[in-house]
Amino acid sequence: MAAQPTATIGNITPKPVSITGVTVQAKNYDGTTAATINNAGTVNVLIAPDVLTAQAGTATFADANAGNNKTVNLTGFALTGAAGVLSNYKLSAQPQAIT
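Just so we're clear, the structure is a prediction, and the values are computed from it rather than from any experiment.

### Notes on the overall build of the chain
Then, in step 1: Looking only at helices and strands, the chain features 1 helix and 10 strands.
Then, in step 2: For the chain, the α and β elements follow one another from N to C terminus as β-β-β-β-β-β-β-β-β-α-β.
Then, in step 3: Here the chain has a C-alpha radius of gyration of 20 Å; the compact-globule value for 99 residues is 13 Å, and the former is much larger.
Then, in step 4: Each principal axis of the C-alpha atoms in the chain carries an extent, and together these give about 80 × 20 × 15 Å.
Then, in step 5: Going through the 99 residues of the chain one by one, you find that 21% of them count as buried.
Then, in step 6: By sequence separation, contacts in the chain at least 24 residues apart represent 56% of the contacts at least 6 residues apart.
Then, in step 7: Counting only carbon and sulfur atoms, one obtains 52% of the accessible surface of the chain, whose full area is about 6800 Å².

Pasting the structure below:
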């Protein structure tokens, strides 16, 4: 009977996840592009029972002019959670701009 291999080396890479559902407050014109985040969103495609939350980054309106349905750019978002769970996931991209 042939001997069985004793061990080998392999890799398990973090699962890419995304953040959706980010919302920002409407505001009165103040001459700036600053936006206030209402909801940092939800982390999608987790493996049960893992729990991660979205850590809000920065939100800025595309321009400072008054108007409806303005694009809001989002940067600096991150994942938060227990170290053992957090290391199993990576944020695939910043949340998409919202209007």
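Don't stop here, the text continues.
### Quick look at the layout of surface pockets
Then, in step 1: The volume enclosed by the largest pocket comes to roughly 330 Å³.
Then, in step 2: What lines the largest pocket is a set of 22 residues, among which Ala26, Lys27, Phe61, Gly67 and Lys70 lie closest to the centre.

### Let's talk about the pairing of strand β8 (residues 72-75)
Then, in step 1: The alternating pattern of β8 places Val72 and Leu74 on a buried face and Asn73 and Thr75 on a face that is not buried.
Then, in step 2: Bridging between strand β7 (residues 58-61) and β8 involves 4 bridges; their strand directions are antiparallel. Looking across to β8, one finds that alanine 59 is bridged to leucine 74.

Each value, and the rule that gives it
- Residues numbered from 1 in each chain as written.
- Predicted model: local features only at pLDDT ≥ 70, side-chain atom pairs only at ≥ 80, totals over all residues.
- Heavy atoms only, no water.
- Helix = DSSP H or I, 4+ residues; strand = E, 2+ residues; numbered from the N terminus.
- Rg over C-alpha atoms; globule rule 2.2 N^0.38 Å.
- Buried < 20%, exposed > 50% of the residue type's maximum accessible area, 1.4 Å probe, protein only.
- Contact = heavy atoms within 4.5 Å.
- Areas by Shrake-Rupley, 256 points an atom, 1.4 Å probe, with all protein chains shown as cover.
- 1 Å grid on protein atoms, 1.4 Å probe; cavity = no way out; pocket = protein on both sides within 12 Å on 5 of 7 lines; lining within 4 Å.
- Points joined across faces, edges and corners; volume = space filled by probe spheres on them.
- Pairing = 2+ DSSP bridges.

Spatial relationships are all this shows, so hold off on functional conclusions.
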